[in-house]
Amino acid sequence: MKKQLSQNWIISKSGLRFLIIILLVLGIFFRFFNIDKKIYWGDEVFSSLRISSYMQSEMNEQLSNGRLISIEDLQKYQYPNPEKNTIDTIKGLILEDSQILPLYILMTRFWVELFGNSVAVTRSFSAFISLLTFPCLYWLCQELFESSLIGWIAIGLVAVSPVHVVYAQEARAYSLWIVAILISSLALLRAMRLKTKVSWCIYTATLVLGFYSHIFFTFVAIAQGIYVVAIERFRFSKTSIYYLLSSFAGFIAFVPWLWIIITNPQPEAVTWANAKQTLFASVARWAGIFSRTFLDLGISPSDPGKLKIALIPFILIILALISYSIYVLCRRTSKEVWLFVLTLIGSVGLPLLIVDFVFQKRYATSRYTLPSVLGIQLAVAYLFTTKITSIYTKIWQKKFWSLVAVIVIMGGIISCIVHSQAQIWWNNLPQKYQEYPKIANIISQGNKPLLISDTDNILPPIQMLGHLVAPKVQFQIVEPNKLPEITNGFTDIFLFKPSDFLKAGIEKIYNSKLQQINDFLWKITKST
């Protein structure tokens, strides 16, 4: 690889590294800037419940007895507290959220205990972990391509990659999963090269890390097995034996939690994926997923069709760039290199493609296709490096590909700027939660506001509002088919997502009229 690189560059090697360092600084800045500005949405609220170590059944029982509830009472179930410990955390995961692996939850709980209770602190753990992506990516490129320059280019691309920044600011395990993927990939390639027992033991440890970071890491591990078998040409070699032993040891370490998942399934956690979608919708969805690797202006399904149509040319260009990158990679690198990248791209991408297009489900989301995103970024980093620095590339071609690289990077920077100023993004389900900030603002404008709702709305809606409304807001939550005892002293009383029984009961028992503000919020406006 090194022999094919030219010294006649458009920019010097030191200048290029300086530019990459600037991108790295920008990437770090965007990962932490306005980290608490985005709405703390449903998935994050569930993460915080698990961090608090309370079970949802406990929370519902203690909050839905009709008493007045303050913001502090709600946040008791969002942050760690002395009443619960690590054992309670694991117990809650086992009984109510077995599909969530415990490593991220336990690490974040310790982080919040150390630095304090706030949305910024909870999310900052993901941002901090995401910084480990950079050294891991660089070392992986060194091991895979034997080129530090490709490593630098890859760091520049990932630093301002919109999808990486989005998930670095989310209180979920995706940043940890990315790091686990990179570390296990690096450890595998290193073990195959060194062929030592220590290196294979390190690979085993990275498998355990991956298995306990995200349930879809299993697909990555399977893809790594396919890679080893293909490289060893199905021979029962020393490398194959060591790989089998390492993967078996890693799998055995994961068996206890795998048994928990099997014996305590949570099918309701993925009911959103059962919605049927057309072939065109699937194609559009996948095009959007891959294009967000380099350009993301926050367009969601709830946005006007004109905005989506305007993005089509940019999406097609990005898809063409990705396709050409993979083509060049396969043509110009050895089997050990291109097969590794392809198996990484296909590890989760291929199973999700089959589920989407064959069974017409909608499991494919940007958060699940992160291994594919990493593989694509490796391919594009290789393309830019070879096109800009290769001795076989003409000067005008070097200038052209330098311009392409600048445009891609500028697209990422612009995306990060837009993302940093937004209160809600596509990953926060704006089609479902778009009105929540407005609702919180309306409620908070009252002098002594009270918000009444049913038990079914505690998680996530009420807890989400608890992170948005002013501290003066009081809550009152009642069980189904029960009415609250409204006390005097409140200047503004609201009903949030009330059942028909609750609305009818309030109007009849309290001789009140209800004014509908929007699809979620009603206000008691007059008593007779």
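A. Structural context of unusual backbone geometry. Pro460 follows Leu459 through a cis peptide bond whose omega is 5°. Along the chain, Pro460 turns up in helix α22 (residues 458–466). Phi angles above zero are rare outside glycine, and Phe234 is one such case at about 60°. Relative to the elements of secondary structure, Phe234 occurs in the loop between α13 (217–231) and α14 (238–263). In this structure Phe234 comes out as exposed when scored by relative accessible area, which is 71%. Phi at Asn511 is positive, roughly 50°, even though this residue is not glycine. Within the secondary structure layout, Asn511 lies in the loop between α23 (500–509) and β5 (512–516).

B. Up close: the packing of aromatic side chains. Evaluated as defined, the whole model comprises 29 aromatic pairs. Taking 5.8 Å as the distance between ring centres and 75° as the angle between the ring planes, the aromatic pair formed by Tyr436 and Phe520 counts as edge-to-face. Of this pair, Tyr436 sits in helix α21 (residues 436–444) while Phe520 is found in the loop between β5 and β6 (521–527), placing the two residues 84 residues apart along the sequence. By way of ring pairs, the aromatic residues Tyr104, Trp111, Phe115, Phe125 and Phe128 are connected into one cluster.

C. Expanded view of the nonpolar core. Membership of the largest hydrophobic core comes to 143 residues, with the highest contact counts inside it found for Phe145, Leu157, Tyr227, Phe384, Leu451, Phe475 and Phe496. If you tally residues by element for this core, the top one is helix α11 (residues 174–194), at 13 residues. In this structure Leu157 touches Phe294, Gln377, Val380, Ala381, Phe384, Val408 and Ile409, once residues within four positions along its chain are discounted.

D. Spatial organisation of a nonpolar patch on the surface. Taken together, the side chains of Leu279, Val283, Leu350, Leu353, Ile354, Phe357, Val358 and Phe359 present a nonpolar region at the surface, about 730 Å² in accessible area. Those elements that place two or more of their residues in the nonpolar patch are α15 (279–291) and α17 (335–358). Counting residues per element, the nonpolar patch draws most heavily on α17, which supplies five residues. By secondary structure assignment, the location of Leu353 is in helix α17. By relative accessible area, Leu353 is classed as partly exposed at 31%.

E. Structural view of the pairing of strand β4 (residues 492–496). In terms of burial, β4 is largely enclosed, as five of its five residues are buried. As paired elements, strand β2 (residues 449–454) and β4 share four bridges and run parallel to each other. For Pro449, the partnering residue across the bridge sits in β4 and is Asp492.

F. Here's a closer look at the state of the cysteines. Counted by the stated rule, this structure contains zero disulfides. As a non-bridged cysteine, Cys201 has Cys136 as the owner of its nearest cysteine sulfur, 19 Å distant. Cys416 takes part in no disulfide bond, and the closest cysteine sulfur, belonging to Cys141, lies 19 Å away. Judged by relative accessible area, Cys416 falls into the buried class, the value being 1%.

G. Representation of helix α16 (residues 305–332). Between its first and last C-alpha, α16 extends 40 Å over 28 residues, near the 40 Å set by a 1.5 Å rise per residue. Within α16, the axis deviates most sharply at Ile312, by approximately 40°, and proline Pro313 lies no more than four positions further along. Burial in α16 covers these residues: Leu311, Ile315, Ile318, Leu321, Ile322, Ser325, Val328 and Leu329. Close packing links the buried residues of α16 with α8 (133–145), α15, α17, α18 (370–389) and α19 (395–421).

Rules of the game
Residues numbered from 1 in each chain as written. Predicted model: local features only at pLDDT ≥ 70, side-chain atom pairs only at ≥ 80, totals over all residues. Heavy atoms only, no water. Helix = DSSP H or I, 4+ residues; strand = E, 2+ residues; numbered from the N terminus. Buried < 20%, exposed > 50% of the residue type's maximum accessible area, 1.4 Å probe, protein only. Phe/Tyr/Trp six-rings, centres within 6.5 Å; stacked < 30°, edge-to-face > 60°. Core = buried A, V, L, I, M, F, W, Y, C linked by side-chain atoms within 4.5 Å. Contact = heavy atoms within 4.5 Å. Patch = residues over 30% accessible without salt bridge, like charges linked within 9 Å, V, L, I, M, F, W, Y side chains within 5 Å. Areas by Shrake-Rupley, 256 points an atom, 1.4 Å probe, with all protein chains shown as cover. Salt bridge = Lys/Arg side-chain N within 4 Å of Asp/Glu carboxyl O. Pairing = 2+ DSSP bridges. Disulfide = S-S within 2.5 Å. Expected span 1.5 Å × (residues − 1). Bend = angle between axes of the 7 residues up to and from the residue.

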